[in-house]
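Here is what each chain is made of, one letter per residue.
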Amino acid sequence: MIRRGLRSFGRFWWDFLVGDTPEFFLVTLVVVALAFLLRSERAWGVVVLPVVVLGALVLSTWRVRQKKKS
Amino acid sequence: MRTSDVVLILAVFGASLVEMVEALTLVVAAGATRGWRSALEGAASAALVLAVLIVAVGIPLIHYVPIDALRVAVGGLLLVLGMGWLRKAWLRSSGLKAMHDEDLIYEETVSSLRLEAPPKTSRDAVAFAIAFKGVFLEGTEVALIVVSLGASSHRLGLAAVSAAAAVVLVSLVGAFVARQLSSVPENALKSVVGVMLCSFGLFWVGEGAGLHWPGSDLFILVFVGVFSIATLIAGKALRVPVSA
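Residues numbered from 1 in each chain as written. Chains lettered and ligands numbered in written order. Predicted model: local features only at pLDDT ≥ 70, side-chain atom pairs only at ≥ 80, totals over all residues. Heavy atoms only, no water.

K.L.:
How do you make sense of the nonpolar core when you look at a structure like this?
P.N.:
Met-83, Leu-149 and Phe-227 of chain B are the most contacted members of the largest nonpolar core, which totals 88 residues. It is helix H1 (residues 3-34) of chain B that contributes the most residues to this core, 15 residues altogether. Contact partners of Phe-227 of chain B, with chain neighbours within four places excluded, come to Val-53 and Leu-54 of chain A together with Leu-86, Val-195, Cys-198, Ser-199 and Leu-202 of chain B. (Core = buried A, V, L, I, M, F, W, Y, C linked by side-chain atoms within 4.5 Å. Buried < 20%, exposed > 50% of the residue type's maximum accessible area, 1.4 Å probe, protein only. Helix = DSSP H or I, 4+ residues; strand = E, 2+ residues; numbered from the N terminus. Contact = heavy atoms within 4.5 Å.)

K.L.:
Help me understand the pattern of salt bridges in this model?
P.N.:
Pairs may arise between side chains of opposite charge once their charged atoms sit close together. Residue and element names in this part refer to chain B. Per the stated rule, a full pass over the model turns up 4 salt bridges over all chains. Linking Arg-34 and Asp-124 is a salt bridge whose minimum nitrogen-to-oxygen distance equals 2.7 Å. Taken as a pair, Arg-34 in helix H1 and Asp-124 in the loop between helix H4 (102-115) and helix H5 (125-152) lie far apart in primary sequence, 90 residues in all. The residues Arg-34 and Asp-124 share a single accessibility class, namely buried. The shortest N-O distance in the salt bridge between Glu-41 and Arg-37 comes to 3.5 Å. (Salt bridge = Lys/Arg side-chain N within 4 Å of Asp/Glu carboxyl O.)

K.L.:
Explain the layout of surface pockets here, please?
P.N.:
Take a probe with the size of a water molecule and roll it over the atoms, and the empty space left behind shows itself. Within this model, the largest pocket holds a volume of roughly 790 Å³. For the largest pocket, the lining is made up of 29 residues, of which Asp-15 and Asp-20 of chain A together with Gly-84, Lys-88 and Glu-141 of chain B are closest to its centre. Elements with a minimum of two residues in the lining of the largest pocket: helix H1 (2-17) and helix H3 (42-69) of chain A together with H1, helix H3 (67-93) and H5 of chain B. Looking at the lining of the largest pocket, the element that brings in the most residues is H3 of chain B, giving 8 residues. Tallied by class, residues from the lining of the largest pocket come to 12 nonpolar, 5 polar and 12 charged. Approximately 500 Å³ is the volume found for the second largest pocket. Lining of the second largest pocket is provided by 21 residues; of these, Phe-12 and Trp-13 of chain A together with Val-57, Thr-140 and Leu-144 of chain B occupy positions nearest its centre. Elements with a contribution of two residues or more to the lining of the second largest pocket: H1 of chain A together with helix H2 (36-64), H3 and H5 of chain B. Of the residues contributing to the lining of the second largest pocket, the split by class is 19 nonpolar, 2 polar and no charged. (1 Å grid on protein atoms, 1.4 Å probe; cavity = no way out; pocket = protein on both sides within 12 Å on 5 of 7 lines; lining within 4 Å. Points joined across faces, edges and corners; volume = space filled by probe spheres on them. Nonpolar A, V, L, I, M, F, W, Y, C, P; charged D, E, K, R; others polar.)

K.L.:
Please clarify how the environment of Arg-87 of chain B should be interpreted in this entry.
P.N.:
With respect to the secondary-structure elements, Arg-87 of chain B resides in helix H3. On the basis of relative accessibility, which here comes to 14%, the residue Arg-87 of chain B falls in the buried class. The sequence separation of Arg-87 of chain B and Ser-162 of chain B amounts to 75 residues, and the corresponding C-alpha distance is 24 Å. Apart from residues lying up to four places away in sequence, Arg-87 of chain B is in contact with Thr-21, Glu-23, Phe-24, Leu-57, Ser-60, Thr-61 and Val-64 of chain A.

K.L.:
What am I meant to see in the interface of chain A and chain B here?
P.N.:
As a measure of interface size, the accessible area lost when the parts come together is often cited. Contacts between the two partners involve 34 residues from chain A and, on the opposite side, 35 residues from chain B. Inspection of the region where chain A meets chain B yields 0 salt bridges. One can count 4 residue pairs in polar contact (both at pLDDT 80 or more) joining chain A with chain B. Where the side of chain A that touches chain B is concerned, the elements lending two or more residues are H1, helix H2 (22-37) and H3 of chain A. The element contributing the most residues to the side of chain A that touches chain B is H3 of chain A, with 17 residues. A class-by-class count of the residues in the side of chain A that touches chain B yields 22 nonpolar, 5 polar and 7 charged. (Polar contact = N/O pair within 3.5 Å; in protein donor to acceptor, adjacent residues only side chain to side chain.)

Structure follows, in structure tokens:
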């Protein structure tokens, strides 16, 4: 019963964080890493972090668009 | 009131509104076909369980986890969640994904509930289960948003009150019109919440990592602006042209 509970708990978080858009999970890890790397380069951080998030969103939705088109 | 408080209220209130409208559809379907008493008991029980979860998880997070680590973790969580919401909203507004249809979901739920044996007593397990499941599943995401936004800014009370206000509003309107709320502009709300979650997520990841944004809290508004403009452009740019 404990194992089943743990499995359901793990599955919930897997679906929640990764689910059918694993690219967002990976991009979030990249954003976190970049935030630490650029913490002393504020001007770069201010530009790079939102661009990475927007880029991921555009690519992810663009992929769906291309699939629908073909 | 700080800028981050205003954005927090809007994000939590908007997210709760969207999720509770979806939950209300299932509660009304269960109530109308199987009896209101069990449906309302199911919905109230789920809301109570979620409230206990928020308190049980949120308070220890605030007291025992170092604030910077909490902000990076919560920011990451909000980013994943926010990008998911924005992606869906972009796909729906550009016609690449069907709009969420509350009327259709209501009809399907009612049809499947009518196939079940009619309730024998005033307490009906099926109505209770459908309403509980509807509120609990839709509410889990809200609980996560409340805990993460509330804990990272040490405003758990404010986040919980914002969510509760949305629940009360949806319940009152639902009770008043006695049906599901299909006319709520769900996709527009989803876009707004997605913008808020991405903005907050990015802000907290940066703050937690030690990258201090210019203007502090006010910089959240810059992110809100950037993601809003991108959302407006995406709806048009992603649209697939209909061939003649």
